[in-house]
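# Reading the structure
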Amino acid sequence: MIKKPDNGNEDFDRGNISTRKFVKNVSFIIGALFLISLIILVLFPDPFINTFLKNRIAKSFEKEYPEYTIQLGEMKYSVWNNFLECDSIKLKTKDSSFTCSVDSFSISGISWIKILTQSDFNPNAFSNSIINSEKIILGYPESTQELSIKKPHISLPDSELTTSSLKYHYLIDDEQFFAKSQFRQTRFRLDISQIKITGLDFVSFLKGTTHSARKIILQNVFADILLNKDKPVEENVFAPQMPNESLSSIKEIIKIDSLEIRNGNLKYSERFAVNAVPGIITFNKFNIYVSGIANHTAQPETTIINGDGLFMNSAAMKVFMAIPLSSKEFSLRYSGTVGKMNIAELNVFLEPVENRQVKSGVIQSATYNINVNSGQASGNLRVAYNDLAIAISNKDARVDKVLLNRISNFVGHMFIIRTTNLPNEKDSMKIGEINYLRNPGDYFFQYLWFSLRSGIGDVVGF
């Protein structure tokens, strides 16, 4: 006779089967939900990105940089390619002193796990990323300045950054710019057609600790500087920083092995009245090679600069500079040569600025050596020229005390102007003395020119 199982065991077995079935069903539901979520994320990632991840990125960034606010436009994401696109990015400081807008931004190779698992902004999440944009505009509303960059490309795996264009300018015209101040101002414009940086440590740059690169190449550089001398110099104004002052004031470590400027053009102008034609000095088609750009180094770092080009688009010229960037004092030494040129080429500068006109004269050659110690320039200028004839210009209609003083000084010197300065003359060749003390309002290139100009005046006799 078969014995029936007692009710207790039967209830136990039935309960055990029911529990396993329940767990199995729940597991199936969770797995199905996860699979469905994964399919939705793969096939339709954009809603997830725009509703969850976009806010996470913005909050992480603003937590890391609390002085800024950021707005992200519509975002698109490809799971298969790990490729994220954003229509626009708008960044600004809370006091609106700085703005940044980015068009058609894209980035690939993001480590989403590091972003999602860490509350703080982690630059290492982008260590394998490639970043592109159509255009970036940096604005400074208070000073009406703008910097625009076209087609920036950053490859972190290749440690490379390139752009197709960089422009720095003011959003107002020259007269509006100068009218903003009752004192003398200097207006800058900069246009670079192409930039390439190799050996860039972009992760350290994002961390804000080190700005380093192996090589920077700037192609087709045009710099335009205009100084309005129709207004007085402001006293006790913050002086423009010289290269050593600029680098030493940066807390982050700067280290750039070399910098090249290819096919550069510099236009320097001075004007003496509103809407007046300015005096112009140009340096054309120059190529510059700079090595050893660094700050905060254990040993004093001397930056070496070698360059060549055309002076006034006419005379071949070469220049050498040695600048101790780690020095607390503004010191350097520079030297160079200038080839043969017609001195009348300088009339575009002499007539508006000095109210003088070169009738004739030829520079055969010129060499200069200048040492700067704590802002005091000294040295010599050897310039061989012949048949120099200078007259008072009648094209300048300015009639004021400054002009009358200049004419009076010219008349007092007109009989001692050296018309010829050649080494084979009976009299010894006149060596120009460089003697110029840095004016607090001088910018670096202005200072270099003013120092050299002091030697020219000493040779010629005005």
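Computed from a predicted structure; not experimentally measured. (Residues numbered from 1 in each chain as written. Predicted model: local features only at pLDDT ≥ 70, side-chain atom pairs only at ≥ 80, totals over all residues. Heavy atoms only, no water.)

## Some remarks on helix α9 (residues 444-460)
With 17 residues, α9 should cover 24 Å at 1.5 Å per step; its first-to-last C-alpha distance of 25 Å lies within 8% of that length. By the burial criterion, the buried members of α9 are Phe444, Gln446, Tyr447, Leu448, Trp449, Phe450, Ser451, Leu452, Gly455, Gly457, Val459 and Val460. Of the residues flanking the end of α9, it is Gly461, one or two places downstream, whose phi is positive at about 110°. (Helix = DSSP H or I, 4+ residues; strand = E, 2+ residues; numbered from the N terminus. Expected span 1.5 Å × (residues − 1). Buried < 20%, exposed > 50% of the residue type's maximum accessible area, 1.4 Å probe, protein only.)

## Some remarks on unusual backbone geometry
In this structure, Ser96 is a non-glycine residue whose phi angle is positive, near 60°. Here Ser96 shows up in the loop between β3 (83-93) and β4 (99-108). Phi is positive for Thr144, close to 55°, though the residue is something other than glycine. Of note, Thr144 is situated in the loop between β6 (135-140) and β7 (145-150).

## Concerning the pairing of strand β10 (residues 165-170)
Pairing of β7 with β10 involves six bridges; the strand directions are antiparallel. Opposite Ile149, over in β10, you have Leu166 as the bridge partner. Bridge analysis of β10 against strand β11 (residues 186-198) gives three bridges, and the strand direction is antiparallel. Bridging from a neighbouring strand, Leu166 pairs with Ile192 of β11. (Pairing = 2+ DSSP bridges.)

## What about the pairing of strand β19 (residues 356-373)?
Alignment of strand β17 (residues 332-338) against β19, held across seven bridges, turns out to be antiparallel. Paired with Ser335 across the strands is Asn369, a residue of β19. Pairing between strand β18 (residues 341-342) and β19: two bridges, direction antiparallel. In the sheet register, Met341 faces β19, and the bridge partner there is Ile363. Inspection of the sheet shows β19 paired to strand β20 (residues 376-392) by 15 bridges, in the antiparallel sense. Bridged to Asn373 within β20 is Gln376. The loop that links β19 with its antiparallel partner β20 comprises two residues; one of these, Ser374, has a positive phi angle of about 50°.

## Examining helix α7 (residues 347-354)
Most of α7 is tucked away, with seven of its eight residues classed as buried. Positioned one or two residues after α7, Asn355 has a phi angle of 55°, which is positive.

## A closer look at the packing of aromatic side chains
Two descriptors summarise a pair of aromatic rings, namely the distance from one centre to the other and the angle between the planes of the rings. Inspection of the entire model under this criterion finds 15 aromatic pairs. Consider the rings of Tyr168 and Tyr170, whose centres lie 6.1 Å apart with planes at 65°: the pair is edge-to-face. Like Tyr168, the residue Tyr170 is buried in the burial classification. Ring geometry for Tyr334 and Tyr368: centres 6.1 Å apart, planes at 65°, overall edge-to-face. Here Tyr334 is found in strand β17, whereas its partner Tyr368 is found in strand β19, with 34 residues between them in sequence. As far as the burial class goes, Tyr334 and Tyr368 line up, both buried. Within the aromatic cluster, the residues linked to one another by ring pairs are Tyr268, Phe330, Tyr436, Phe444, Phe445, Tyr447 and Phe450. (Phe/Tyr/Trp six-rings, centres within 6.5 Å; stacked < 30°, edge-to-face > 60°.)

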